[in-house]
Amino acid sequence: MAVGHCALIVIDMQRDFLDPRGYVAQTGVDVSLLRVTIEPVQRLLAGARALGIRVIHTREGHRPDLTDLTDFKRQRTVGSGAAIGSRGPLGRLLVRGEFGHDIIDEVAPLPHEAVIDKPGFGAFYATDLELLLRAGAITHLVLAGVTSDICVHSTLREAVDRGFYCTTVSDACAAGDPEVHAAMLRCIAGEGNILGRVMNAAAVIREWHNQQQVAEVEAVAEATPRVGA
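First, a word on what this report is: a plain description of the structure on this page.

Rules behind the numbers
- Residues numbered from 1 in each chain as written.
- Predicted model: local features only at pLDDT ≥ 70, side-chain atom pairs only at ≥ 80, totals over all residues.
- Heavy atoms only, no water.
- Helix = DSSP H or I, 4+ residues; strand = E, 2+ residues; numbered from the N terminus.
- Buried < 20%, exposed > 50% of the residue type's maximum accessible area, 1.4 Å probe, protein only.
- Contact = heavy atoms within 4.5 Å.
- Pairing = 2+ DSSP bridges.
- Axes fitted to C-alpha atoms, helices over the stretch in contact; angles between N-to-C directions.
- Expected span 1.5 Å × (residues − 1).
- Bend = angle between axes of the 7 residues up to and from the residue.
- Polar contact = N/O pair within 3.5 Å; in protein donor to acceptor, adjacent residues only side chain to side chain.

A few words on the environment of Leu90. Assignment of secondary structure puts Leu90 in the loop between β3 (87-88) and β4 (91-92). Looking at Leu90, the relative accessible area reads 6%, which means it is buried. Taking the C-alpha atoms as reference points, Leu90 and Thr58, separated by 32 residues in sequence, lie 19 Å from one another. If we ignore the near neighbours within four places in the chain, the residues touching Leu90 are Arg15, Asp19, Arg21, Gly22, Glu98, Phe99 and Gly100.

Spelled out as structure tokens, the structure:
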């Protein structure tokens, strides 16, 4: 995982998913189960930023007029008791520009970091994420965020089908049900890592540093004149 060709994708760390007043909490999910991702994501962000690894954030949400909201998704969220576009404590649920739609302060993007607004679960669907990655010569993705079973997993499958090497960070992802989270990690790692690798945040950061050291040694070797040359 050469750091120069790697990107950290931080998926949907929004108030609507992680704040106890947000969209997910309105559906009855205990968001404390999702908030366990915050500290590992913070460590990943610090590690990536220190090494110059590209960081891209995503947010799920819809246009204020809801013209990009499908009938299926509309009906499903009505049935869950938290209709998209309805008024909640943090503003209209999953609507772009609302307070709840934005990323939590603990893992807020830096000014130069891209934020991908997506209307679906996967971060490649109806966005320019792939264009940004190809233009940046990115080949390896590290995925973190929420939730393991929906937006993280959808993005992972989209990425694998597009030929990206993927690593899912086990302790920097979570689901509303810990058993579902564990099952998704087994799914990813099954059949010889069919959907890429699964590693914890500490192991990912350690690998980044190791790869950076290798790159530095190689750069020095290339710059050193060869004897007799």
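The strand order across the open sheet built from 6 strands is β5-β2-β1-β6-β7-β8, with neighbouring strands paired in parallel fashion. One side of each edge strand has no neighbouring strand; the edge strands of this open sheet are β5 (114-118) and β8 (197-199). Averaged over all adjacent pairs, the angle separating strand axes in this sheet is 25 degrees, with direction ignored. Where strand β1 (residues 6-11) and strand β6 (residues 140-146) come together, 6 bridges link them in parallel fashion.

Our next topic: helix α8 (residues 178-193). Between the first and last C-alpha of α8 there are 21 Å, a value that for 16 residues agrees with the 22 Å anticipated at 1.5 Å per step. Maximum bend of α8: about 25 degrees, positioned at Arg186. Residues of α8 that are buried include every one of His181, Met184, Leu185 and Ile188, and no others. The inward-facing, buried residues of α8 abut α7 (151-161), β7 (165-174) and β8. For α8, the capping residue at the N-terminal end is Asp177, with a side-chain oxygen 2.9 Å from the backbone nitrogen of Glu179.

Before going further, it helps to examine the environment of His181. Following the sequence through the fold, His181 ends up in helix α8. Taking relative accessible area as the criterion, His181 reaches 14% and is therefore assigned buried.

To continue, consider unusual backbone geometry. Following Val146, the chain continues into Thr147 via a peptide bond in cis, with omega recorded as -5 degrees. Residue position: Thr147 is located in the loop between β6 and α7. For Asp12, which is not glycine, the phi dihedral falls at a positive 55 degrees. Summarising the element assignment, Asp12 is placed in the loop between β1 and α1 (15-18). By relative accessible area, which is 0% here, Asp12 ends up buried. Notably, Leu66 is not glycine yet its phi reads approximately 60 degrees, a positive angle. One can find Leu66 in the loop between β2 (54-60) and α5 (71-79). Judged by its relative accessible area of 13%, Leu66 is buried.

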